[in-house]
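# Coordinates in review
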Amino acid sequence: MVYKKRLDGRKMNETREIEAKAGVIKKADGSAYFKIGKTWAYAAVYGPRELYPRFLQNSNKGIIRFSYIMMPFSGMGERVRPGPNRRSKEISMVSQKALNSVVDLVDFPNTVVDVVVELPQTDAGSRCAGICAASIALADAGVPMKDMVAAVAAGVVDNTVCLDLSYEEEQYPDYAKEKLDSEHVADIPVACIPSTGEITLLQMDGIMNKDQLIDAINLAKEKCKEIVEIQRNAIHEKYKYKINKKSMDWKKELGE
Amino acid sequence: MDEDAQENMIKLLSENLRQDKRGFEDFRDMTIELGVIETAEGSARVKVGETELIAGVKLKIDKPYSDTADEGILMVNTELTPLSNPNFESGPPSINSIEISRVIDRGLREGQAMDVKKLCIEAGEKVWMINVDVCPVNHNGNLLDIGAIAALAALHDTKFPEVDKEGKIDYKKKTSNKLPLKEDPLPVTVIKIGDYFLVDPTENEEAVMDARITFNFRKDGNLCAIQKGEDGPLTVDDIKKMADIAEKTMKKNRVIFEKAIK
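Bear in mind that the values here come from a model prediction, so they are computed numbers and not experimental data.

## Brief notes about empty space enclosed by the protein
- Applying the stated criterion across every chain, the model contains 2 cavities of 30 Å³ or more.
- Approximately 40 Å³ is the volume attributed to the largest cavity.
- Lining of the largest cavity is provided by Val94(A), Lys97(A), Thr200(A), Leu201(A), Leu202(A), Lys228(B), Gly229(B) and Glu230(B).
- Counting residues per element, the ones that place at least two in the lining of the largest cavity are helix H1 (86–100) and strand S9 (198–208) of chain A together with strand S12 (223–229) of chain B.
- Broken down by element, the lining of the largest cavity gets its largest block of residues, 3 residues, from S9(A).
- Of the residues belonging to the lining of the largest cavity, the class tally is 3 nonpolar, 2 polar and 3 charged.
- Put simply, the second largest cavity is a space of about 30 Å³.
- Lining the second largest cavity are Val103(B), Ile104(B), Gly107(B), Leu108(B), Ala148(B), Pro185(B) and Asn216(B).
- Here the lining of the second largest cavity gets 4 residues from one element, more than from any other, and that element is helix H2 (residues 95–110) of chain B.

## Observations regarding the state of the cysteines
Residues and elements named next belong to chain A.
- Applying the stated criterion to the full structure yields 0 disulfides over all chains.
- Unpaired in terms of disulfides, Cys 128 finds its nearest cysteine sulfur in Cys 132, a separation of 6.8 Å.
- Here Cys 128 falls in the buried class, since its relative accessible area comes to 4%.
- Here Cys 162 is not disulfide-linked; the sulfur of Cys 128 is the nearest cysteine sulfur, at 14 Å.
- For Cys 162, a relative accessible area of 0% translates into the label buried.

## Describing the sheet that holds strand S4 (residues 63–70) of chain A
Residues and elements named next belong to chain A.
- Pairing within the open sheet is mixed, and its 5 strands lie in the order S1-S2-S3-S5-S4. Two strands bound the open sheet, and with one partner strand each, they are strand S1 (18–22) and S4. Adjacent strand axes in the sheet meet at a mean angle of 15 degrees when their direction is disregarded.
- Direction of pairing for S1 relative to strand S2 (residues 30–36): antiparallel, over a ladder of 5 bridges. Opposite Ala 20, over in S2, you have Phe 34 as the bridge partner.

## Overview of the nonpolar core
- Core analysis: the biggest nonpolar cluster contains 127 residues, and Phe34(A), Ile130(B) and Phe215(B) have the highest contact counts within it.
- Leaving out residues up to four positions away in the same chain, Phe215(B) has contacts with Leu213(A), Leu186(B), Pro187(B), Val188(B), Leu223(B), Ala225(B), Ile226(B), Ile239(B), Met242(B), Ala243(B) and Ala246(B).
- The next biggest cluster of nonpolar side chains, apart from the first, holds 8 residues, and it includes Met9(B), Phe24(B), Ile191(B) and Leu198(B).

Thresholds, definitions, all that
- Residues numbered from 1 in each chain as written.
- Chains lettered and ligands numbered in written order.
- Predicted model: local features only at pLDDT ≥ 70, side-chain atom pairs only at ≥ 80, totals over all residues.
- Heavy atoms only, no water.
- 1 Å grid on protein atoms, 1.4 Å probe; cavity = no way out; pocket = protein on both sides within 12 Å on 5 of 7 lines; lining within 4 Å.
- Points joined across faces, edges and corners; volume = space filled by probe spheres on them.
- Helix = DSSP H or I, 4+ residues; strand = E, 2+ residues; numbered from the N terminus.
- Nonpolar A, V, L, I, M, F, W, Y, C, P; charged D, E, K, R; others polar.
- Disulfide = S-S within 2.5 Å.
- Buried < 20%, exposed > 50% of the residue type's maximum accessible area, 1.4 Å probe, protein only.
- Pairing = 2+ DSSP bridges.
- Axes fitted to C-alpha atoms, helices over the stretch in contact; angles between N-to-C directions.
- Core = buried A, V, L, I, M, F, W, Y, C linked by side-chain atoms within 4.5 Å.
- Contact = heavy atoms within 4.5 Å.

In short, geometric facts, not functional conclusions.
Here it is as structure tokens:
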């Protein structure tokens with residue numbers, strides 16, 4: 001049997017419901033949350049600010065420092081021990097690299113832009129949600145950027161390429177009722193610069209062939225064009241209110 | 001990145017040359033020796049050009065993780081100590097060494113190299129824990145591929161130590177039982193500098209690369225793990241080309257690997 005009907009009834013190229021909002025953390029220079037299904041990511045951006053320890057400073061341009069943190073109660077299984085571990089350090093690094101090529105900090109030498117992503121609850125796809133939230137927060141903070149970065153995971157379940165796997169789908173062989181064509185599930189997080197179609201994050205675990213890989217990347221790339229609209233909209237929503245209010249005051253002044 | 005150095009490198013590559021005169025898709029000569037460390041339960045030394053590293057396997061009996069109560073544990077660790085390169089400093093693991101550990105680990109795990117269920121002694125209580133440590137002796141590039149090859153070779157060399165009736169391990173006596181390996185995932189990293197794609201980069205080439213992707217392949221040619229590295233963005237076409245180059249290289253490496261573990 002090939003995977004035809006998804007566990008939660010979605011279409012193959014359909015993500016879980018996405019909700020994004022900018023400016024949710026008042027203390028931060030820029031902030032956002034990005035929810036995709038039951039995976040929630042908050043992002044706060046601080047900076048550009050002076051970078052310590054000083055030896056990390058780059059006199060040519062400012063740098064990004066990304067921290068990916070799972071809240072202790074955010075995992076499906078046991079409590080996640082607080083503090084950095086190998087997994088969170090690696091995810092921080094690849095997420096940082098996913099954003100580096102769009103952020104332009106040449107005007108801010110010796111500084112750092114701290115991007116802190118925390119996840120209150122997760123149901124697969126957390127690094128992609130983190131990158132989407134971070135991208136909105138960077139734009140909200142007014143950090144110079146060439147474009148937003150959007151991210152979504154593609155996957156292969158029972159020889160079918162589909163988008164945005166949930167935790168249950170990642171464990172599909174445990175849930176399947178029919179006989180499987182393939183016991184393997186693959187998960188492929190992809191981050192993309194929607195305006196150029198270039199890929200800035202690519203990882204994969206699971207088993208699949210080369211053609212499925214290219215199909216999956218293309219599927220994710222197309223979806224990123226839709227996700228970036230949701231991200232942009234989150235920024236528009238935040239600033240729309242101020243503009244409207246101002247224009248109303250202006251109308252009042254004219255006595256309309 | 002040193003942009004002048006990258007410019008020079010691209011100039012060289014545009015003349016179809018590499019610093020060590022290799023072709024773009026040539027892997028340096030590889031030698032794999034098994035059983036080089038007597039104190040380890042399994043070991044391998046792999047040399048590829050100037051890069052040399054030793055992987056060692058130590059076994060112990062431990063409690064399993066609660067979510068995989070009937071499975072043994074396989075863990076890969078890489079230490080980039082100051083021995084192998086002047087750029088490495090002592091101290092807690094750097095992000096580079098964590099990435100190498102995790103990418104090797106993921107290749108073995110997702111490629112299902114080990115039948116971890118067979119490492120269970122008593123479900124929920126006792127399982128074999130396999131620690132693979134990958135230690136570079138001389139680092140001149142491509143630790144990701146060479147480290148993974150060394151780790152897998154060392155696992156092939158591993159023999160269980162004797163366990164007495166009380167469950168204590170006698171490390172001095174090795175049995176002839178080998179680990180339950182069932183697959184040999186092999187990685188190939190392809191890097192991009194300017195518009196050029198290279199395999200098996202040296203340290204100089206790694207210092208000026210725009211992007212890299214590590215592809216892990218199983219015996220049947222299927223992919224089992226991928227990792228993109230560095231800042232440079234890639235088009236889907238780039239990724240396609242890199243996957244093709246990686247597959248070609250993997251086939252050549254697999255012949256060498258299989259001969260070595262026989």
